[in-house]
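Take a look at the letters that make up each chain.
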Amino acid sequence: MGHESSVDDLARDLEEALRLDDKQADRAGDSAASGSDAESTHTAPSSPDSTPEPEGSPDTDSAAAGAPVTLTVHRPLLPAGVTSLLAGANSALDAIAERIQSGMAKRIIVMAGAGISTAAGIPDFRSPGSGLYANLQKYTLPYPEAIFTLDYFRKKPKPFYVLAKELYPGQFAPTASHFFVKLLAQRGLLLRHYTQNIDCLERAAGVESSLIVEAHGSFHQAHCIGSGCGKEFPQDWIRERIFSDQTPRCDRCSSLVKPDITFFGEGLPARFFDMIGGDFAACDMLTVMGTSLQVQPFASLVGDVGPSVPRLLINRERVGEGAGHPRGFDFDGRRGAGAVHRDALVLGDCDDACRLLADKLGWAEELAGLVAGAQAQTSL
Ligand SMILES: [Zn+2]
């Protein structure tokens, strides 16, 4: 009985968390600005988890905590002797846009994390300190990650299914970032989109599933977790049960059926390992968006593209560089003469950065139309 009421509490709290996030998303929508040709002057709304710009961006005005987050195109002062693949253009982002427009980049890999979905109102539940993750701590879970562990799930599956119902795809609209990926795909420029997100929003944006690798799984399919069984169940089957508050059980062995979301301690989907080798060898431009690059093996993929493949990071803070990332980003040419400088950095909100890049590519109107269409649909 006590367990059931704690599940109700969890559901109530999840609703509250999602409502709060909706408000933030509305605010983000209000500020949707078309791209501008002036660098470093683009402002985005602040959000509670925004952090001031880190130091080391020579051309930026640091945003104070609580002030609007400025979209900053990093312009490094490269040490003498370092030649850059991205030099010549007005900024590294212009160089990226020029490569796409000129056809030099036509096998683009996008790697995305939670940052591309937060504006959709999806709580970043895997990050300590973020709304949903913190809220889960109030409940009977022994620790918040327990909801994503097989041991706990086998004993108490209900909290996970309640969470799944709240997060289930179809209730959120894709963001400008998802639609930017869609535009790349539409033009035949997307080699693959690797996402750490389980929200299926790239599918919702219309990116073909063959172009997507869901590195941490997704709700798209489900399997029985019974040992020696593993029967596959279609999305409709599990969706129906999750939405009618039933515990989905296998009709062959009566074990629990779990959506194919990668739990803590589980291996990544086979498709991830099947695809990375060929993809990263063939890639001619890498774009990393909205991820802290702290989860392996996803994080180390940044170093798997060729040494002269341009790499763009769009994120709220600098990540994936320095001693912990031997083949990671080098935005400032710190590896010195002889190393090829090819890394571009845009600090700020993923959607704002995608709008700015779309503007440079002449895709701004199309992108705005897709975003508006999706928002109109989900608000019906
Ligand atoms: Zn089974």
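Residues numbered from 1 in each chain as written. Predicted model: local features only at pLDDT ≥ 70, side-chain atom pairs only at ≥ 80, totals over all residues.

An unreviewed UniProt entry annotates the protein chain as NAD-dependent protein deacetylase sirtuin-2 originating from Coemansia nantahalensis.

A word on the nonpolar core
Quick note on the threshold: A set of buried Ala, Val, Leu, Ile, Met, Phe, Trp, Tyr and Cys residues, joined to one another through C-beta atoms within 7 Å, is what we call a nonpolar core. Burial is judged by counting other C-beta atoms within 10 Å of a residue's own C-beta: 20 or more means buried, 12 or fewer means exposed, and anything between counts as partly exposed, with every C-beta placed from the backbone. A pair of residues counts as a contact when their C-beta atoms, built from backbone coordinates, are separated by no more than 7 Å.
In terms of nonpolar packing, the biggest core is built from 77 residues, with I109, V110, F180 and L367 touching the most fellow members. With residues up to four places along the chain from it excluded, the contact list for I109 reads L191, R192, Y194, D279, F280, C283 and L286. Counting residues in hydrophobic clusters, the runner-up holds 12 residues, among them I147, F160, L163 and A222.

Section: helix α8 (residues 235-243)
Short version of the rule: Working definition: helices are DSSP H or I runs of at least four residues, strands are E runs of at least two. Numbering for both runs from the N terminus. As used here, the arc is the angular range of directions from the helix axis to the C-beta atoms.
Within the span of α8, buried status applies to I238, R239 and I242. Along α8, the residues classed as buried sweep out an arc of 105° about the axis, all on the same side. In this structure, α8 carries D236 and E240 as exposed residues pointing more than 90 degrees from its buried face. In the core, the buried residues of α8 are packed alongside α5 (158-167), β6 (217-224), β7 (232-234) and β8 (257-261). Within two residues after α8, D245 carries a phi angle of roughly 60°, on the positive side.

Re the packing of helix α6 (residues 176-186) against helix α11 (residues 364-378)
The cut-off we apply is this: Fitting a line to C-alpha atoms yields each axis, with helices limited to the stretch in contact; the angle taken between N-to-C directions then spans 0 to 180 degrees. Just so you know how the angles are binned, under 35 degrees is roughly parallel, over 145 roughly antiparallel, 65 to 115 roughly perpendicular, and the rest oblique. Handedness of each helix crossing follows the sense of rotation of the near helix against the far helix: counterclockwise by less than a right angle gives left-handed, clockwise gives right-handed. Residue classes follow a fixed rule: Ala, Val, Leu, Ile, Met, Phe, Trp, Tyr, Cys and Pro count as nonpolar, while Asp, Glu, Lys and Arg count as charged, and any other residue, Gly among them, counts as polar.
Between α6 and α11, whose axes approach to 9 Å, the crossing angle comes to 125°. Viewed along their axes, α6 and α11 adopt a mutual orientation that is oblique. When the axes of α6 and α11 are compared, the crossing they make is right-handed. Counting all contacts with α6, which are made through A176, F179, F180, K182 and L183, the residues of α11 involved are E366, L367, L370 and V371. The residue inventory of the contact of α6 with α11, partitioned by class, reads 7 nonpolar, no polar and 2 charged.

Digging into the pairing of strand β9 (residues 285-289)
Note the cut-off: The pairing criterion for strands is at least two bridges between them, as found by DSSP.
Most of β9 sits out of view: 5 of its 5 residues are buried. Side chains M285, T287 and M289 of β9 all project onto a buried face; the interleaved residues L286 and V288 project onto the opposite face, where all are buried too. As defined by bridge partners, strand β3 (residues 108-112) adjoins β9 across 5 bridges and the pair is classed as parallel. Among the inter-strand pairings, A112 is bridged to a residue of β9, identified as M289. Where β9 meets strand β10 (residues 311-315), 4 bridges bridge the pair, whose relative direction is parallel. Looking across to β10, one finds that V288 is bridged to L313.

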